[in-house]
Amino acid sequence: MQSRLSAAELRAAADAVVIALACAGDDQAFTEIVRRRHARVRRFMYRLCRRAALGDDLAQQVFLTAWRSVHQLRSAAAFDGWLKRIMITTWLEEVRRDKLEFAREPEEADFGAHRETTAERMDLDAALARLPAPARLCVVLAYDEGLSHPEIAAHTGLPVGTVKSHISRGAARLRELLAEYEGV
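Small disclaimer: the values here were computed from a predicted structure and weren't measured.

### A word on the overall build of the chain
Tallying secondary structure elements over the chain gives 9 helices and 0 strands in all. Mapped in sequence order, the helices and strands of the chain form the string α-α-α-α-α-α-α-α-α. Buried residues in the chain amount to 41% of all 184 residues. The long-range share in the chain, meaning contacts at least 24 apart out of those at least 6 apart in sequence, stands at 61%. Working note: accessible area of the chain is about 9900 Å², and carbon and sulfur atoms make up 52% of it.

Printed below as a string of structure tokens:
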């Protein structure tokens, strides 16, 4: 469907407007959603798999899945939670297929602005990779995505107690692995 708004108007429009247009079948609005969310989705996937190419592939799969089913979304306000669920499901499907072979050292990936220095990010990514996949997912969802334990349980299908255990043990292991940094 041809966009009702120009590219400049879409870039300036509020998320709710862009999402509503995408739900109504506006392909340019969905492209704008991808532009706005791509770095976040890619960073999330990279944090879990530590491989830039695989992170890109998984991010692309997330957006392909979203594009195929965005018309089913009932509320623009629910978009971010819905997209997060697709991200988690995509990761869990990749883990279930047992296709993950991690490199010893994380690959460099360009995600735009970073809170950590490159060395800190690489060390954190290497430490995250040493966690079991379920613990890594729970830790990333808690600390990178800011989800509560019940939200993580709802998204992953894990019991809340298991989520708490994964986060507690995962965070303790990360503190141990990253102890050489001041303030950790």
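### A short note on the nonpolar core
F44, F79, L83, W91, L137 and I152 are the most contacted members of the largest nonpolar core, which totals 49 residues. Those elements giving two or more residues to this core turn out to be α2 (15-23), α3 (27-49), α4 (52-69), α5 (79-96), α6 (118-129), α7 (133-144), α8 (149-156) and α9 (160-177). F79 has contacts with I19, I33, R37, V70 and L73, leaving out every residue within four places of it along the chain.

### Regarding the confidence of the model for the chain
Taken over all residues, the pLDDT of the chain has a mean of 84, while the share at 70 or more is 83%. The least confident element of the chain is α6, whose mean pLDDT is 76; the most confident is α4, at 94.

### Focus on the packing of aromatic side chains
Inspection of every chain in the model, using the stated rule, returns 1 aromatic pair. Aromatic pair F79 and W82: ring centres 5.5 Å apart, planes at 45°, arrangement tilted. Placement of both F79 and W82 in helix α5 is noted, with a separation of 3 residues, approximately one turn of the helix. Accessibility assignment for this pair places F79 and W82 in one class, buried.

### Some words on the environment of T156
Within the secondary structure, T156 sits in helix α8. Exposure remark for T156: the relative accessible area of 13% places this residue in the buried category. Sequence-wise, T156 and L137 are 19 residues apart; in three dimensions their C-alpha atoms are separated by 8.8 Å. Excluding its chain neighbours within four sequence positions, the residues that come into contact with T156 are R85, I88, L92, L137, L141 and V163. A polar side-chain atom of T156 sits 2.8 Å from the main-chain carbonyl oxygen of I152. Side-chain polar atoms of T156 contact the backbone nitrogen of L158, separated by 3.2 Å.

So, how was this worked out
Residues numbered from 1 in each chain as written. Predicted model: local features only at pLDDT ≥ 70, side-chain atom pairs only at ≥ 80, totals over all residues. Heavy atoms only, no water. Helix = DSSP H or I, 4+ residues; strand = E, 2+ residues; numbered from the N terminus. Buried < 20%, exposed > 50% of the residue type's maximum accessible area, 1.4 Å probe, protein only. Contact = heavy atoms within 4.5 Å. Areas by Shrake-Rupley, 256 points an atom, 1.4 Å probe, with all protein chains shown as cover. Core = buried A, V, L, I, M, F, W, Y, C linked by side-chain atoms within 4.5 Å. pLDDT = per-residue confidence, 0-100. Phe/Tyr/Trp six-rings, centres within 6.5 Å; stacked < 30°, edge-to-face > 60°. Polar contact = N/O pair within 3.5 Å; in protein donor to acceptor, adjacent residues only side chain to side chain.

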